[in-house]
Amino acid sequence: MAEKIATREAYGKALAALSEQYPELVCFDADLAGATMTKFFKAACPERFFDMGIAECDMVGVAAGLSACGKIPFVHSFATFASRRCFDQIAISVCYAGLNVKIVGSDPGVGAELNGGTHMALEDMGIMRTLPGMTVFEPTDSVQLRKALPAIVEHEGPVYIRLFRRQAENVFDDGYEFDLGKADLLRDGSDVTLIASGVCVANALQAAETLAQEGVSARVLNIHTIKPIDADAVIKAASETGALVTAENHNVIGGLGSAVAEVLAEQRPTPLERVGVKDHFGQVGKAPYLMGVFGITAADIAKAARKAIARK
């Protein structure tokens, strides 16, 4: 099993390491180099690091300009500011212009913890999914993030990375092979499929263990690329298990649950239960406490699975 390390630290070190391989990489931060760990990139190549201050809209505009000149900019801020605050600049200067800018939103959902509701991004995936050409990626742990970064650098076009700040439970080991846009089958099963992203993947695996003790066979899929979603994996799971549950550290509107529901509605209508924040703002608290408040624990996922199965 891989070493446990805070996701943001793994990210910062991995991005800095890639700077040598990709001289066109440039890094932008909104006065949060310590929080996002872009300080490692700054130490490795300070001439390619730009602290734009608390001016996210300007940061995206400058990054778009450098992308037009052949650079590969990575821009960083808290997920609320990297999505809501500079949405128009991302839409027009990046996506409409077809530019190759990577946007990293830190501390999404319960990851904002004591910063509270104003800093708790529960709608960022939904916002980014609406933009033509935007790829939306949420890593499960530090291993997956490290494996994904080279593919994201190589990918031509805008990408939104949803970066959980704290240490996440390890799901993958160092032998894991990442494929952008393709779901990971973590556990097979025949009665229900638990589809999860980000920090909810570990909860889904725990829920599958609980269900197994009740004689329920639960498949677990990690859908790390919310857009474009792996529709084939969703349809296959719906066809073979006949009931699905989605689990996400996000509003149930607009994120993973909505993406899966769209696939099912158009191609394979199947009972679906969505686990996530039920259309309200965040609040102050530590992540485990907030998961309980918002109903995104392993127990909540198992409860939703029983309900989905009963609807077959």
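Residues numbered from 1 in each chain as written. Predicted model: local features only at pLDDT ≥ 70, side-chain atom pairs only at ≥ 80, totals over all residues. Heavy atoms only, no water.

**Digging into the packing of helix H1 (residues 7–21) against helix H8 (residues 142–154)**
Logical step 1: Contact pair H1 / H8: the axes reach a minimum separation of 9 Å and the direction vectors enclose 35°. Classified by chirality, the crossing of H8 by H1 is right-handed. Across the interface between the two elements, Thr7, Ala10, Tyr11, Ala14, Leu15 and Leu18 from H1 touch Ser142, Leu145, Arg146, Leu149, Pro150 and Val153 from H8. (Axes fitted to C-alpha atoms, helices over the stretch in contact; angles between N-to-C directions. Helix = DSSP H or I, 4+ residues; strand = E, 2+ residues; numbered from the N terminus. Left-handed = near helix turned anticlockwise from the far one by under 90°. Contact = heavy atoms within 4.5 Å.)

**Things to note about the sheet that holds strand S6 (residues 159–163)**
Logical step 1: Here seven strands make up an open sheet; going across it, the order is S2-S1-S3-S4-S6-S5-S10 and the pairing mixed. A strand with exactly one partner marks an edge of an open sheet, and here the two such strands are strand S2 (49–51) and strand S10 (225–227). This sheet shows a mean twist of 20° between the axes of neighbouring strands, independent of strand direction.
Logical step 2: Taken together, the two bridges between strand S5 (residues 135–137) and S10 define a ladder with antiparallel strand orientation. In the sheet register, valine 136 faces S10, and the bridge partner there is lysine 227. (Pairing = 2+ DSSP bridges.)

**Thoughts on helix H10 (residues 231–241)**
Logical step 1: Taken together, the buried positions of H10 are Ala231, Ala233, Val234, Ile235, Ala237, Ala238 and Thr241.
Logical step 2: Turning to H10, the residues buried within the fold contact strand S8 (192–196), strand S9 (218–222), strand S11 (244–251) and helix H11 (256–267).
Logical step 3: The first or second residue beyond H10 is glycine 242, which carries a positive phi of 75°. (Buried < 20%, exposed > 50% of the residue type's maximum accessible area, 1.4 Å probe, protein only.)

**Let's talk about the nonpolar core**
Logical step 1: Ranked by size, the top nonpolar core spans 62 residues in total, and within it Leu25, Phe74, Ile161, Leu194 and Val245 carry the most contacts.
Logical step 2: Leave out the neighbours within four places in its chain, and isoleucine 161 touches Phe74, Ile103, Val104, Gly105, Phe137, Pro139, Leu145, Leu149 and Ile152.
Logical step 3: Residues Ala63, Leu221, Ile235 and Ala238 belong to the second largest nonpolar core, which totals 43 residues. (Core = buried A, V, L, I, M, F, W, Y, C linked by side-chain atoms within 4.5 Å.)

**Notes on the packing of aromatic side chains**
Logical step 1: Applying the stated criterion across every chain, the model contains four aromatic pairs.
Logical step 2: Judged by centre distance (6.3 Å) and plane angle (45°), the ring pair of phenylalanine 78 and phenylalanine 81 falls under tilted.
Logical step 3: On the basis of relative accessible area, phenylalanine 78 is assigned to the buried category, the value being 10%.
Logical step 4: Residue classification places phenylalanine 81 among the buried residues on the basis of a relative accessible area of 14%.
Logical step 5: Both rings, one in phenylalanine 172 and one in tyrosine 176, keep their centres 4.0 Å apart while their planes meet at 35°; by these two values the pair is tilted. (Phe/Tyr/Trp six-rings, centres within 6.5 Å; stacked < 30°, edge-to-face > 60°.)

**Some details on unusual backbone geometry**
Logical step 1: Note that the residue after lysine 227, namely proline 228, is joined by a cis bond; omega there is -5°.
Logical step 2: The topology assignment puts proline 228 in the loop between S10 and H10.
Logical step 3: The residue glutamate 113 is not glycine, and still its phi comes out positive at about 45°.
Logical step 4: With respect to the secondary-structure elements, glutamate 113 resides in the loop between strand S4 (102–106) and helix H7 (124–129).
Logical step 5: Residue classification places glutamate 113 among the buried residues on the basis of a relative accessible area of 7%.

**As for the pairing of S8**
Logical step 1: In terms of burial, S8 is largely enclosed, as five of its five residues are buried.
Logical step 2: Here S8 shows no split at all, with Val192, Leu194 and Ala196 on one side and Thr193 and Ile195 on the other all buried.
Logical step 3: Where S8 and S9 come together, five bridges link them in parallel fashion. Considered in S9, the bridge of valine 192 is made with alanine 218.
Logical step 4: Viewed along the sheet, the connection from S8 through helix H9 (residues 200–213) into S9 turns out right-handed. (Right-handed = clockwise from strand over helix to strand, strands pointing away.)

**A few points about the environment of glutamate 177**
Logical step 1: Structurally, the position occupied by glutamate 177 is in the loop between S6 and strand S7 (184–187).
Logical step 2: Overall, glutamate 177 belongs to the exposed group, its relative accessible area being 69%.
Logical step 3: In sequence terms glutamate 177 and leucine 211 are 34 residues apart; their C-alpha atoms lie 28 Å from each other.

**Topic: the side chain of histidine 250**
Logical step 1: Positionally, histidine 250 belongs in strand S11.
Logical step 2: For histidine 250, a relative accessible area of 0% translates into the label buried.
Logical step 3: A polar contact is formed between the side chain of histidine 250 and the backbone oxygen of leucine 122, at a distance of 3.3 Å.
Logical step 4: At a separation of 3.1 Å, a polar atom in the side chain of histidine 250 contacts the main-chain amide nitrogen of methionine 125.
Logical step 5: Ignoring anything within four residues of it in the chain, the contact list for histidine 250 reads Leu122, Glu123, Asp124, Met125, Gly126, Arg162, Gly255, Gly276 and Val277. (Polar contact = N/O pair within 3.5 Å; in protein donor to acceptor, adjacent residues only side chain to side chain.)

**Focus on the sheet that holds S8**
Logical step 1: Within the open sheet, the five strands sit side by side as S7-S9-S8-S11-S12. Their pairing is mixed. Two strands close off the open sheet at either side, each with one partner strand: S7 and strand S12 (272–277). Looking at each pair of strands side by side, their axes are set apart by 25° on average, direction ignored.
Logical step 2: Of the strand pairs in this sheet, S7 and S9 are connected by three bridges, and their pairing is antiparallel. Residue pairing in the sheet places leucine 185 in a bridge with leucine 221 of S9.
Logical step 3: Contacting S8, S9 and S11, H10 crosses the sheet at an angle of about 175° to S9.

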